[in-house]
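# Structural features, examined
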Amino acid sequence: MTHPTDPTTAPGQDESTVPGRRDFLGMVTTAGTVTGLAACAIPFVESLKPQDSAAAHQPVEVDLSKLAPGQQMTTVWQGKPVFILRRTPEELARLQNAALNETLRDAQSEALQQPPYARNWHRSVVPEYGVYVGICTHLGCVPAYMPPTPAPDQTGFYACPCHGSHFDLAGRVLKGAPAPYNLPVPPYVMPTPTTLRLGENPKGETFDFSTIEQI
Amino acid sequence: MKHPETQDHTSAPAAFSGGFAGWMEQRLPIFSAFRKEYVDFPMPRNLNWLWNFGAILVVVLLLMLATGTFLAMNYTPTSAEAFFSTEAIDRQLSGGWLLRGMHVTGASLFLAALYIHLFRGLYYGSYKAPRELLWLSGLVLLVMVMGTAFAGYVLPWGQMSYWGADVMTKAVGAIPVVGSALEHVLTGGDHLGDVFLHRVFVLHFIMAFLVVGVVGLHVACVHITKSGNPLGREPKGPQDTLPFHPYYTSKDLIGLIVFAMVFSALLFFWPGLLTEPANYAPADPLHTPADIEPEWYFLPFYGLLQSVPSKFGGLLAAASAILVLFALPWLDQSPVRSARFRPACRLGLAGLVMAFILLAAVGKHHATGEWMLIGRLAGLYYFGFFLVLLPLVSRREKAQLQAASPTTSEGDA
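Residues numbered from 1 in each chain as written. Chains lettered and ligands numbered in written order. Predicted model: local features only at pLDDT ≥ 70, side-chain atom pairs only at ≥ 80, totals over all residues. Heavy atoms only, no water.

A few words on the domain arrangement of chain B. Size of an interface, as often reported, equals the accessible area lost when the parts are brought together. Residues and elements named next belong to chain B. Assigned domains of chain B: these are domain 1 (29-278) and domain 2 (298-413). Just the C-alpha atoms count here: the centres of domain 1 and domain 2 sit 24 Å apart. Counting from both sides, the interface comprises 31 residues of domain 1 and, opposite them, 29 residues of domain 2. Taken over both partners, the interface formed by domain 1 and domain 2 buries close to 2,800 Å², and the fraction arising from carbon and sulfur atoms is 71%. At the surface where domain 1 touches domain 2, the tally comes to two salt bridges. Lys128 is the partner of Asp332 in a salt bridge, and the nearest nitrogen-oxygen pair spans 3.2 Å. Scanning the region where domain 1 abuts domain 2 turns up eleven residue pairs in polar contact (both at pLDDT 80 or more). For the side of domain 1 that touches domain 2, the secondary-structure elements that each account for two or more residues are helix H5 (96-123), helix H6 (132-154) and helix H7 (159-173). (Domains from an automatic or database assignment. Contact = heavy atoms within 4.5 Å. Buried area = accessible area lost by both parts, 1.4 Å probe. Salt bridge = Lys/Arg side-chain N within 4 Å of Asp/Glu carboxyl O. Polar contact = N/O pair within 3.5 Å; in protein donor to acceptor, adjacent residues only side chain to side chain. Helix = DSSP H or I, 4+ residues; strand = E, 2+ residues; numbered from the N terminus.)

A few words now on the UniProt feature "domain: Cytochrome b/b6 C-terminal region profile" (unreviewed entry) in chain B. The UniProt record annotates "domain: Cytochrome b/b6 C-terminal region profile" (unreviewed entry) at residues 234-404 of chain B. Counted over residues 234-404 of chain B, helix gives 66% and strand 2%. Its end C-alpha atoms are 21 Å apart. (UniProt positions renumbered as here; feature names shortened; annotations may be inferred.)

Residue and element names in this part refer to chain A. When strand S1 (residues 60-63) meets strand S9 (residues 195-198), the two strands line up antiparallel, connected through four bridges. Bridge pairing links Val62 to Leu196 in S9. Both strand S8 (residues 188-192) and S9 contribute to a ladder of three bridges, which runs antiparallel. Bridge pairing in S9 links Val189 to Arg197. (Pairing = 2+ DSSP bridges.)

Now the structure itself:
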């Protein structure tokens, strides 16, 4: 706080340069009031903090016993749609087809879009089941599962309704699509062959889903 | 102590002649208006601590608006979710317990400060000419605040909320002719559910902001008529007044600090005094709690309601207890304002406070047996004071004054 110089007093005089007692009291009062107001603002600001509810982070258990080969189901984990797909042996064979892999943007799953234990040709823990977070990596729409058509050589795929991105049955994005990354694979374990627990890593593995490239 | 008028800034409008302040001054003179109404504003120099409650009420109102806004962001007005969203505010939301604690304590202490403020007006004759509109706007505020407080109490949808709302809507239904239609509109259905709760939530929100508007009118009134004072005589000139700043800003600040200490003590150490345990159980339309009573600030009116053996009569008595205050400027014709110089009135006022407290006790203990008798006597005295005692006393005082000095009796006494 600067004290305005009084033109009637000679420069260098104490009264004009040294803040008076009243100024000091004024400053102390102002400082006290500001501190008090700032302290009072704490609960208001605190309440605006995003709430990560503990319940949303609990693992979600899914029963797969009713899922037939070639079928896909959608479940919800942390508010996101999760696709669980039971692939047929023909479809699994197709995933390993080197010629078809040429049409994929990231056939080897190099981008961190899956836990390390799912970085393999089938992008899953068990080849039979594919598990993906069903959010297109382009602009966040939910891709639709297109089951295989009866005509020979036709395979199922995922098609995003918004901008036409296509993903194969391992969630890998096809070249020429606007989506830049493969569909994310969430952390999960399979405690029994027909149950799946989303949000939990297999023993000895650590993977934080929030570290992936992009949802 | 020297008057601080002779500082760098002179109080003349010339202080706002240059720069941004000068630019504003020509278009919207808020700076000079603020200086006139809140810095240089002449206040009687003899105000006592009872004049602190106006400022306290304004600050609590602002606190209620701030906490209320933040609570509303986390509250769900449905009968299924209301109770649990309130509990989630207390238990899960960061700082939520403090926000709700401040809102709950603030509601109680707002009414407490309002009653003291009202008593101050009664005792020092703040309702007399030229302050009738000040008094009336204050009473409108009292009614609005009571409505807002009641609506707010319903929102947590606990047992007390639900059954309080039940009693209130049934009471409305007791009004002859229009009652049942009114009750149906109020509840928004055949039972108290989502529609009712949503309406109450909107009502609570709207009323809070309307209160702010009426407070603006109330404060405008006091700035026109100027503040009253304990002697009840208008200041004769500048020798009887002090500028609002720093004299009454600092006095109000001291009052606020003491009030904040009481507020904090209740909020942090004795929250149980202001909350009802039964309201921490979710609303159950199939089970009425054993002892159902309103918040303490409604108890005198609840006592009055119970003391009258007719459903509609009780409602009428409780409503009249406030309505009679609106007629006060015309019931009390004495030119003497302050009860300091009105011994009979002072005694009568002490009785009125006693009757008010007794009615609250009746409301708490249910009007049966001797409490019924006490309630009726206290109720009779309450209305007797305003409708019989005060007009008679004021007529006698007027006659005495006229006999003493016939020439000046109509002026300030």
